[in-house]
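Next come the chains, spelled out residue by residue.
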Amino acid sequence: MSDPAGGGESGSAAGQDADAASEPPRRVPPLRGDEGEEASEGGAPPSAKRARVNEESPAPERGGTGAAQEGEAAAAEGEGAEPCEEGAGEGEELPAIGGGEDEWRHNGDAGLDAPEEEGEMKPAELHGGEGQHLGLDFTQNPHMLTGSWSEYSRFPENYLKGCKWAPDGSCILTNSADNVLRVYNIPPEIYSYNWNALPEMSPVLRMAEGDTVYDYCWYPKMNSLDPDTCFLASSSRDNPVHVWDAFYGDVRATFRPYNHLDELTAAHSLCFSPDGTQLYCGFDKTVRVFYTDRPGRDCEERPTIVKKQGQRGIISCFGFSPCRSVYACGSYSRCAGLYAVQDGALLALLPTRHHGGLTHLLFSPDGNYLYTGGRKDPEMLCWDLREPGKVVFSLKRSVSTNQRIYFDLDQSGRYLLSGDTEGVVSVWDTQTAPLDGEEELLQPQLRFQAHWDCTNGISVHPFMPLLATSSGQRQFPWPGDSEGDSASEGEGGGGGGEAMSPQETRQDNALSLWWAGPLGSAAVEGTPERSAAVEDA
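Anyway, here's the lowdown on the structure attached to this text. (Residues numbered from 1 in each chain as written. Predicted model: local features only at pLDDT ≥ 70, side-chain atom pairs only at ≥ 80, totals over all residues. Heavy atoms only, no water.)

### Brief notes about the overall build of the protein chain
- Looking only at helices and strands, the protein chain features seven helices and 32 strands.
- By the burial criterion, 56% of the 537 residues in the protein chain qualify as buried.
- Long-range contacts, defined here as pairs at least 24 residues apart, represent 62% of the contacts in the protein chain between residues at least 6 apart.
- Surface summary for the protein chain: the accessible area is close to 22300 Å², and the carbon and sulfur share equals 47%. (Helix = DSSP H or I, 4+ residues; strand = E, 2+ residues; numbered from the N terminus. Buried < 20%, exposed > 50% of the residue type's maximum accessible area, 1.4 Å probe, protein only. Contact = heavy atoms within 4.5 Å. Areas by Shrake-Rupley, 256 points an atom, 1.4 Å probe, with all protein chains shown as cover.)

### A word on the sheet that holds strand β30 (residues 466-471)
- Read from one edge of the open sheet, four strands run β1-β31-β30-β29, paired in antiparallel fashion. What marks the edges here is a single partner per strand, and that holds for β1 (143-148) and β29 (455-460). On average, each strand axis in the sheet is tilted by 25° relative to the strand beside it, whichever way the strands run.
- Pairing analysis gives five bridges linking β1 to strand β31 (residues 511-515), with the strands arranged antiparallel. Bridge pairing links Thr-146 to Leu-513 in β31. (Pairing = 2+ DSSP bridges. Axes fitted to C-alpha atoms, helices over the stretch in contact; angles between N-to-C directions.)

### Things to note about the environment of Phe-320
- Summarising the element assignment, Phe-320 is placed in strand β16 (residues 315-320).
- The spacing of Phe-320 and Tyr-339 is 19 residues in sequence and 9.7 Å in space, taken between C-alpha atoms.
- Residues within four places of Phe-320 in sequence aside, it is in contact with Cys-271, Phe-272, Ser-273, Pro-274, Tyr-280, Val-326, Tyr-327, Val-341 and Phe-363.

### Observations regarding the nonpolar core
- Ranked by internal contacts, the top residues of the largest apolar core, which has 21 residues, are Ile-172, Ile-190 and Trp-515.
- Among the secondary structure elements, those contributing two or more residues to this core are β2 (160-165), β30 and β31.
- Not counting residues up to four positions away in its chain, the partners in contact with Ile-190 are Leu-145, Trp-195, Leu-198, Met-464, Leu-466, Leu-513 and Trp-515.
- Judged by nonpolar contacts, the second largest core, of 19 residues, contains Leu-181, Leu-205, Tyr-216 and Cys-230. (Core = buried A, V, L, I, M, F, W, Y, C linked by side-chain atoms within 4.5 Å.)

### Comments concerning the sheet that holds strand β23 (residues 390-396)
- The sheet built from five strands is open, its strands ordered β20-β21-β22-β23-β27 with mixed pairing. In the strand order of this sheet, the two ends are held by β20 (358-363) and β27 (440-441), each with one partner.
- Pairing of strand β21 (residues 369-374) with strand β22 (residues 379-384) involves four bridges; the strand directions are antiparallel. Along β22, the bridge assignment pairs Tyr-369 with Asp-384.

### Digging into the side chain of Asp-384
- Position of Asp-384 among the secondary structure elements: in strand β22.
- Here the side chain of Asp-384 touches Arg-386 through a polar contact of 3.0 Å, landing on its backbone nitrogen.
- Here Asp-384 is in contact with Asn-368, Tyr-369, Lys-390 and Val-392, once residues within four sequence places are set aside. (Polar contact = N/O pair within 3.5 Å; in protein donor to acceptor, adjacent residues only side chain to side chain.)

### Side note on the pairing of β31
- Burial analysis of β31 places five of its five residues in the buried class, which makes it a mostly covered element.
- Side chains Leu-511, Leu-513 and Trp-515 project from β31 onto one buried face, and the interleaved Ser-512 and Trp-514 project onto a second face that is buried too.
- In this structure, β30 lies alongside β31, joined through five bridges in antiparallel fashion. Along β31, the bridge assignment pairs Leu-467 with Trp-514.

So this is what it looks like as structure tokens:
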């Protein structure tokens, strides 16, 4: 078992800021001061324990966080969130955490406290009036606010593999090819509409896994005011499942799945149960369920094949119904199955409609519909779970690789967003789909160019009109025009020096933050224009 908090991190943090000069120009303000360098100093263990980042910036007042949380709850209620998704996870037994009362602040608190400063507005008050939630507005292209790209130029071909907002909206989690999970805070300037002063984002936490990260997820009851709930889980090749502390970047607990030969095996997918008491892990024709208050190897095994009947293949993704005791499993056998939470009994096996293995699935907030998407498959499907096997409508996107391309729903379930391998983000209004009648192809309401390379991750903020996108993919060199193919021939002045692909000019490894709400005149003037409308062919 490797030491994920140690040696693997040096490769991602040892680069110099000069490497960023080779990145494509971006219309956002430059990195503020030496934030990027400070994050990489002090060796691997100090760099991982980034809760001390509060020493680098003024600490917020405690009172502001509580006020922000009240606004957050009101915003979630105005967005139409289901009541069964609410709760702070009180009374649950969780893995023990080291740390005292003096280190209570989560690394996302700076963003939550920012609106309390004089002359600034809370998110719910921006252009919305008192107590009115500011919703998503897709009548125009979202505006890029800031992002992080220098961080991913320090390691060759360090493309991202997705991004996920924390459940309380305080920070963003990313995964990248260097096997490092990074946590970013929301820039406090966003709350005050001071967008012309937004710096490039720098991670406040780096958590290095020992090998390729297969999957990662937040604890669903994560709350910045309760440090015991601030953790996430990740699974990597040839390693057990690690639970990371979201304050310090330390491994808080380890879950060790073993196969029938008593060999350690890695989980291909992860998902916490909605109440956070269980961690579901996907394997080949098997789901293993661990209890979060009992780290170790003890688990419940739930085969997906019983008497040669059931769901075959590696379980590649999970989803839990928000209002029913049902969870869905997607597999690389191109199908999805519905299971009972109590005992894992198979309730329904959806028909095989996808052309590639499933990589992501989502339930609608009311639990009546299930959205599925696969690799090398341009079609996403919306299933009506009240009539298992019925497809309500399909959605098209460009997916030409095996890479996992995430999609996401807003809290109301109205808008579904997805990137594609061409860097385009599409937004569909699911309320325009006919709920009765024949299946049809739903056309996107909006399409815009978010990145120059594959947009593989997209995540909608829990209560603000903010989007996070991640981009990049593995690039392969193309053969040159000359017959020589060695590096020495290229250095000698021959045509081999031109052997790299034109795709290099499309490389775009970045995390981007977008404003998708109403815009004031001051905001428009100070906002960098990154997005461009994409006309339908």
